[in-house]
Amino acid sequence: MNYQIRTMEEEDYDGVYKLWTTIHGFAMRSLDDSKDGVTRVLRRNPGLSVVAVSDGKIVGSILVGHDGRRACFYHVCVHEDYRKQGIGKAMAAEAMVRLKDEGINKIQLVAFRENQLGNSFWQAEQWDKRDDLNVYDFVLNDENITAFNK
């Protein structure tokens, strides 16, 4: 399978959003995952987020951000028809190189407990599952509604 890993650009939003809507169990927030929300991430963290492209179609994505100390991967996904081809691993490796070049030494991500495929992937890639902490959210804007794809 031919694919290319490249920097996610603002102009990729429609293709990335379309990909996200195809992923079963994927959660999107009405404001954070809007065009403005994604553009904000890309502008704050230039050159870090990546997409995988095959035959002119976006088939994978990782939104990447950091605070100068620790990075986070958001919305890591590969279209279901393109899985098991090394695309997720290649995207993660590329994003990790970019972060290391910025002096970032640690990355975290959140995988829903019921996302067996995602959890298996990250564990196979030698990421450590943390059992020593709790994750808390506080909603600052009630208009930022989370919806899960079926």
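Residues numbered from 1 in each chain as written. Predicted model: local features only at pLDDT ≥ 70, side-chain atom pairs only at ≥ 80, totals over all residues. Heavy atoms only, no water.

**Describing helix 3 (residues 87–101)**
End to end, helix 3 covers 21 Å across 15 residues, agreeing with the expected 21 Å (1.5 Å per residue, within 8%). For helix 3, the set of buried residues is Ile87, Gly88, Met91, Ala92, Ala95, Arg98 and Leu99. Looking down the long axis of helix 3, one finds its buried residues gathered within 125 degrees of arc, a one-sided arrangement. With respect to the buried face of helix 3, the exposed residues turned more than 90 degrees away are Lys100 and Asp101. The inward-facing, buried residues of helix 3 abut strand 1 (4–7), strand 3 (50–54), strand 4 (57–66), strand 5 (71–78), strand 6 (107–109) and helix 4 (116–124). Phi turns positive, to about 85 degrees, at Gly103, one or two residues after helix 3. (Helix = DSSP H or I, 4+ residues; strand = E, 2+ residues; numbered from the N terminus. Expected span 1.5 Å × (residues − 1). Buried < 20%, exposed > 50% of the residue type's maximum accessible area, 1.4 Å probe, protein only. Arc of directions from axis to C-beta. Contact = heavy atoms within 4.5 Å.)

**Focus: the sheet that holds strand 5**
The five strands lie next to each other as 1-3-4-5-6, forming an open sheet whose pairing is mixed. At either margin of the open sheet sits one strand with a lone partner, and together these are strand 1 and strand 6. With direction set aside, neighbouring strand axes in the sheet form an average angle of 25 degrees. Relative to strand 6, strand 5 runs parallel, the two being bridged by three bridges. Within the sheet, the bridge partner assigned to Cys72 lies in strand 6 and is Gln108. Strand contacts of helix 1 (residues 13–22): strand 3, strand 4 and strand 5, with the helix running at about 100 degrees to strand 4, the strand carrying the most contacts. Sitting on the sheet, helix 3 is in contact with strand 1, strand 3, strand 4, strand 5 and strand 6, with an inclination near 160 degrees to strand 5. (Pairing = 2+ DSSP bridges. Axes fitted to C-alpha atoms, helices over the stretch in contact; angles between N-to-C directions.)

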